[in-house]
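# Structural features, examined
One-letter residues, chain by chain:
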Amino acid sequence: MTTVPKRLAVKLSLARAPQLQPAHIVPIFQRWIQQRTVPGMLIDVIDYKHVPNGPGVLLIADEADYGWDLVGGRAGLRYIRKRALPEDLSAALRLCCAGALAAAQALEAEAPDDIAFDYHALEVSYLDRLRYPNEAQAAAAAQALLATALQEIFGAKPRLQRLHDDPRYLLAFRCVAGRSLADSMPAPALAG
Amino acid sequence: MTSWKERLKDEIPLEMTKLIDTYEAQMSLRRQGKMDEKVFAEARLRKGVYGQRYDNGQRHDGIRAQALAYPSGDIVKGTDTLWDAPGMQRIKIPYGGLSARQLETLSELADEYADGILHITTRQDIQLHYVHIDDTPDLMRRLAAVGITTQEACGNSVRNITACSLAGVCHDEAFDVSPYADAMTQFLLAHDDVQDFGRKFKVAFSGCAGHACGLVHMHDLGLLAQTREAAGELQKGFTVFVGGGLGTVPHQAKILAEFVAPEDLLPLTQAIARVFARLGEKKNRNRARLKFLVAKLGIDEFRGLVEAELESLPQDPRHTAYLDDDADLAYAPAKAGLRLNGAPLPTGFADWYRSNVYRQAQPGYSVVTLHSPLGDFTAQQGFALADIARKYVGDNIRLTVEQNIVLRWVADADLPALCRDLRKIGLGGAHAGTIVDITTCPGTDTCKLGIASSRGLTAELRARLIERINLLPDAVRELKIKVSGCFNSCGQHHVADIGFFGNSRRSGNHKLPHFQVVLGGQWQQNAGSYGLAVGAVPAKAVPEALAALTERYVAERAKDENFQRWVKRLGRKEIKTMLKPFMQLPTFEENADFFSDWGDSRVYTIDDIGVGECAGEVVSLFSMEISKAESTHFEALLALDDGDYRRADERAYRAMLLAARALVRTKFLDVGDDSDRIVNEFRQRFYDTELVYDRFAKGKFARYLFKRHTQAPTRLDEDYAHQIIDETQLFIDNIHSAEQRINGVIVG
């Protein structure tokens with residue numbers, strides 16, 4: 001399976017319990033639109049903080065959304081690439097990692113409280129149940145490909161763990177690397 | 001597996017497949033500029049595919065208006081609606097009824113194509129936001145595979161048919177209206193007689209007169225269940241109301257018929273639809289709802305027209321077939337009904353039980369309301385809720401017009417365990433149906449018409465009220481608050497004790513978001529009366545204004561005086577005086593916070609407001625029908641490209657029939673879909689009379705249809721497929737020209 005999923009997301013979680021309230025995120029994301037802080041055609045901010053363990057606050061863009069994501073009870077920055085994915089899975093993953101990294105670092109710089117992301121761990125989810133069903137055989141194949149792609153980024157194969165085995169949920173993996181994503185990638189540069 | 005279309009081809013009913021394929025072909029035509037943008041917009045809306053705020057390519061970021069340069073450039077999916085701009089997908093859930101499997105599919109779609117959120121509307125629909133139009137055909141196929149359609153979820157047609165979420169389990173109902181709502185949904189879906197309205201048409205069923213139930217008084221067509229005795233037998237029937245509606249100017253519905261037997265219900269509805277299609281306003285959308293026609297004619301004349309229409313209505317076996325189908329539409333409980341048995345109760349159970357549990361008419365069972373703040377829940381909650389439903393109630397899930405979810409047929413003995421399970425997924429909160437359970441439309445968050453942030457205000461009021469809920473007197477706890485982002489009433493502010501709708505005012509060189517306060521509307525008695533607008537308050541002053549109102553109500557109300565009566569006694573003038581301190585406008589320099597809306601850090605502006613699509617496009621019936629022929633012709637072209645010459649021939653022939661039918665229906669609505677009849681009517685009305693004759697080619701193009709209709713092809717090769725596709729194109733062009741000559745204009 002070498003097909004690139006229709007959508008691909010990478011989430012970086014906070015290194016410690018969140019101090020940052022979702023309410024603080026809305027003005028930050030709105031400022032990002034004004035100042036074009038992160039790449040992409042930024043459209044709007046939507047606030048779902050009233051929903052427990054949900055998508056939190058989303059900065060909607062044409063190519064990719066940036067989310068202060070609370071799904072699974074884990075606060076973090078999620079980059080969801082929706083369009084214009086490269087045809088190669090490694091390139092697509094690299095693009096998503098760069099997007100998540102850029103936004104996480106921008107958030108660290110702007111957040112009113114002292115927050116820090118864990119750049120050694122990331123969650124990768126495949127928003128495409130047709131090509132990437134969350135079933136054992138497909139998951140094993142996807143995991144092997146993902147390990148190879150992440151090795152190119154981190155320099156060594158990370159540890160991978162499938163997040164859910166319930167086929168209704170998106171196929172997703174938690175990846176823990178021996179090296180920080182911030183150290184593994186050059187200064188974030190996103191394709192538009 | 002290459003596509004959802006291929007994967008689900010055996011799981012989708014043929015009719016649904018055709019409708020979705022046609023829509024997908026229309027998308028292709030529109031992208032190539034071969035379909036008029038207004039016609040496409042109406043076709044899209046009738047599939048529930050809406051535009052969203054900022055889809056005109058403009059967004060004010062608080063400092064300046066930014067142009068949004070979408071990749072597809074200037075291609076539009078409607079007037080000023082750019083192709084790539086994220087949109088909203090509305091999904092019809094008839095009378096709010098959902099199975100566990102359907103809930104799972106909706107949840108899958110939310111996190112794959114939208115933003116991970118499912119939004120419940122005040123019409124028991126589900127809406128997904130930030131959906132790209134290119135994803136909508138697959139989204140529809142996945143829904144169709146589990147028995148859900150988006151057909152006519154928007155546009156100038158029959159919207160989702162609603163019914164009381166307690167139907168079938170209520171103590172006070174005459175009988176369960178669910179089977180009748182289901183039958184009407186099936187009968188009217190894509191029916192020929194509901195394709196030519198000037199505006200949308202909303203239908204609701206109610207089981208009793210006294211409660212809010214189906215809100216029949218505020219609908220175009222409201223059906224109120226009744227029983228009567230005749231010849232010693234109890235007969236079921238409906239009191240039929242017409243011409244109600246909210247919107248800018250609310251109208252209370254009028255009684256059209258006191259008692260209509262179930263077997264007469266669908267023909268009567270069809271007759272009403274025909275009168276509305278024939279006489280309803282088509283040019284001015286602001287006067288095009290049925291309520292204006294009923295008001296203009298008067299209920300007696302309208303009734304006479306409907307009765308005359310009934311006389312000439314063709315016999316149709318479907319008038320009763322769906323009722324027969326639904327005779328066994330039973331909602332069987334998943335478990336035996338057992339009373340609470342003394343098992344340990346979770347903390348706070350009593351509060352939750354008081355506000356969220358309704359004891360069913362059936363002993364040992366209850367309905368549990370799941371309060372979803374602002375009508376939202378996540379895909380993950382959807383999956384978990386499907387598991388909970390299977391564990392306790394099976395498929396007995398319904399959405400409510402107050403944007404909540406109910407589980408019906410819960411065995412009483414399961415209530416403590418269910419409460420615990422719901423809390424684990426964040427849906428076990430108490431206070432459903434109380435003052436904190438505020439109804440809201442999307443407002444400026446996503447709606448093109450929004451003027452103020454209804455969701456922002458709702459979130460703020462909810463957060464403040466929930467902190468004090470246990471301190472509030474019962475008279476305040478029980479009040480209903482409903483919020484709309486503009487005057488269009490999607491949040492149903494007219495029928496709340498305390499309603500708000502968004503508008504704006506100026507202070508110096510700046511605008512401030514405001515909410516008009518509407519007091520004393522009646523939710524009970526099926527939305528029995530509408531509230532009074534008393535004045536506009538700056539959005540940021542609304543919480544304090546609300547506190548002042550409720551505190552004075554508690555202090556001054558007479559014993560057993562409810563809010564409506566108190567408002568009436570106090571009078572609009574006195575209430576306005578009370579609110580006046582909250583209406584004062586600061587300057588920007590004095591209080592800049594007032595110049596931002598709730599939940600929005602930008603300085604307020606509505607300079608980037610769009611043109612709303614709620615009304616749909618006013619497009620002639622012919623334009624809609626001929627577009628189906630064009631998309632079918634396009635499918636023939638695709639088949640030719642695939643080398644599937646048999647399908648190319650079948651699609652081309654079908655396209656000619658659809659084009660002929662489109663023209664016939666401008667003169668004879670009841671032509672039906674039988675190919676012989678279409679061809680005969682076309683020949684007699686347009687060919688023999690030479691109305692379709694081209695100036696030079698005369699009747700040549702019409703004869704392409706006659707030839708193919710009488711002679712199946714003897715060979716099915718590429719040359720033949722090319723030929724019939726070319727002939728079909730000429731025939732469709734000929735029909736367009738004829739229609740323009742005969743009727744003057746295409747797009748009305």
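Residues numbered from 1 in each chain as written. Chains lettered and ligands numbered in written order. Predicted model: local features only at pLDDT ≥ 70, side-chain atom pairs only at ≥ 80, totals over all residues. Heavy atoms only, no water.

Bringing the overall build of chain A into the picture now. Along chain A, the regular secondary structure elements total four helices and eight strands. Traced from its N-terminal end to its C-terminal end, chain A shows the element sequence β-α-β-β-β-β-α-β-α-β-β-α. Against the compact-globule benchmark of 16 Å for 192 residues, chain A has a radius of gyration of 16 Å, which places it among compact chains. Here chain A holds 192 residues, and 59% of them are scored as buried. (Helix = DSSP H or I, 4+ residues; strand = E, 2+ residues; numbered from the N terminus. Rg over C-alpha atoms; globule rule 2.2 N^0.38 Å. Buried < 20%, exposed > 50% of the residue type's maximum accessible area, 1.4 Å probe, protein only.)

A few words on the overall build of chain B. Along its length, chain B carries 24 helices and 24 strands. A globule of 748 residues ought to have a C-alpha radius of gyration of about 27 Å, and chain B, at 27 Å, matches this closely. By its C-alpha atoms, chain B is 85 × 70 × 55 Å across when sized along the principal axes. Per-residue burial over chain B gives 62% buried out of 748 residues. For chain B, restricting intrachain contacts to residue pairs at least 6 apart in sequence, the fraction spanning at least 24 positions comes to 71%. A total accessible area of about 28,000 Å² is found for chain B, and carbon and sulfur atoms account for 50% of it. (Contact = heavy atoms within 4.5 Å. Areas by Shrake-Rupley, 256 points an atom, 1.4 Å probe, with all protein chains shown as cover.)

All names here are of chain B. Between helix α21 (residues 645-664) and helix α23 (residues 700-710), the least distance of the axes is 10 Å, while the angle of their chain directions is 125 degrees. Judged by the angle between their axes, α21 and α23 are oblique. The interaxial crossing formed by α21 with α23 has left-handed handedness. Residues Asp649, Tyr653, Met656, Leu657 and Ala660 of α21 form the contact with α23, whose own contacting residues are Tyr704, Leu705, Arg708 and His709. (Axes fitted to C-alpha atoms, helices over the stretch in contact; angles between N-to-C directions. Parallel < 35°, antiparallel > 145°, perpendicular 65-115°, else oblique. Left-handed = near helix turned anticlockwise from the far one by under 90°.)

Moving on to the packing of helix α1 (residues 22-35) of chain A against helix α2 (residues 89-110) of chain A. Residue and element names in this part refer to chain A. Direction vectors running N to C along α1 and α2 enclose 115 degrees, while the axes themselves pass 11 Å from each other. For the element pair α1 and α2, the recorded crossing hand is right-handed. Listed contacts from α2 to Ile25, Ile28, Arg31 and Trp32 of α1 are Ala103, Ala106, Leu107 and Glu110. Across the contact of α1 with α2, the residue classes tally to six nonpolar, no polar and two charged. (Nonpolar A, V, L, I, M, F, W, Y, C, P; charged D, E, K, R; others polar.)

We now examine the domain arrangement of chain B. Segmenting chain B into domains produces domain 1 (4-144), domain 2 (169-329), domain 3 (349-424), domain 4 (438-589) and domain 5 (609-748). Distance between the C-alpha centres of domain 2 of chain B and domain 5 of chain B: 34 Å. (Domains from an automatic or database assignment.)

What follows covers the interface of chain B and chain A. On the side of chain A, 33 residues touch chain B, which itself brings 49 residues to the contact. Of the roughly 3,600 Å² buried between chain B and chain A on both sides combined, carbon and sulfur atoms contribute 52%. Contact with chain A buries area across many residues of chain B, yet B:Arg59, B:Glu112 and B:Tyr130 alone supply 16% of it, more than any other trio. Where chain B touches chain A, the interface holds eight salt bridges. (Buried area = accessible area lost by both parts, 1.4 Å probe. Salt bridge = Lys/Arg side-chain N within 4 Å of Asp/Glu carboxyl O.)

The subject of this paragraph is the sheet that holds strand β8 (residues 117-120) of chain B. Residue and element names in this part refer to chain B. Sheet architecture is open: five strands sit in the order β1-β6-β9-β8-β17, paired in antiparallel fashion. The outermost strands of the open sheet, each flanked by one partner alone, are β1 (49-50) and β17 (376-378). Of the pairings in the sheet, the one linking strand β6 (residues 87-91) to strand β9 (residues 126-131) comprises four bridges and is antiparallel in character. From the neighbouring strand, Gln89 faces β9, where its bridge partner is Leu128. Sheet strands in contact with helix α12 (residues 379-392) are β8 and β17, and its direction is about 80 degrees off that of β17. (Pairing = 2+ DSSP bridges.)

Residues and elements named next belong to chain B. Scanning the model with the defined rule gives 69 salt bridges over all chains in all. Residue Glu544 is joined to Arg464 by a salt bridge in which the shortest nitrogen-to-oxygen separation is 3.1 Å. Here Glu544 is found in helix α17 (residues 542-556), whereas its partner Arg464 is found in helix α14 (residues 454-468), with 80 residues between them in sequence. The salt bridge involving Glu556 is made with Arg552; its shortest N-O contact spans 2.9 Å. Here the residue Glu556 and the residue Arg552 both occupy positions in helix α17, the gap between them amounting to four residues, near one helical turn. Each of Asp192, Glu625, Lys628, Arg654, Arg661, Arg665 and Asp673 takes part in a single network of salt bridges with overlapping partners.

Further remarks concern the packing of aromatic side chains. Counted under the stated rule, the structure contains 27 aromatic pairs over all chains. Ring geometry for A:Phe117 against A:Tyr119: centres 6.3 Å apart, planes inclined by 50 degrees, an arrangement best described as tilted. Judged on exposure class, the residue A:Phe117 and its partner A:Tyr119 are both buried. An aromatic cluster is present here, built from B:Phe682, B:Phe686, B:Tyr687, B:Tyr693, B:Phe706 and B:Phe731 joined pairwise through their rings. Above the face of the B:Trp4 ring, B:Arg142 is positioned so that its terminal group lies 3.9 Å from the ring centre. (Phe/Tyr/Trp six-rings, centres within 6.5 Å; stacked < 30°, edge-to-face > 60°. Lys NZ or Arg CZ within 6 Å of the ring centre and 35° of its normal.)

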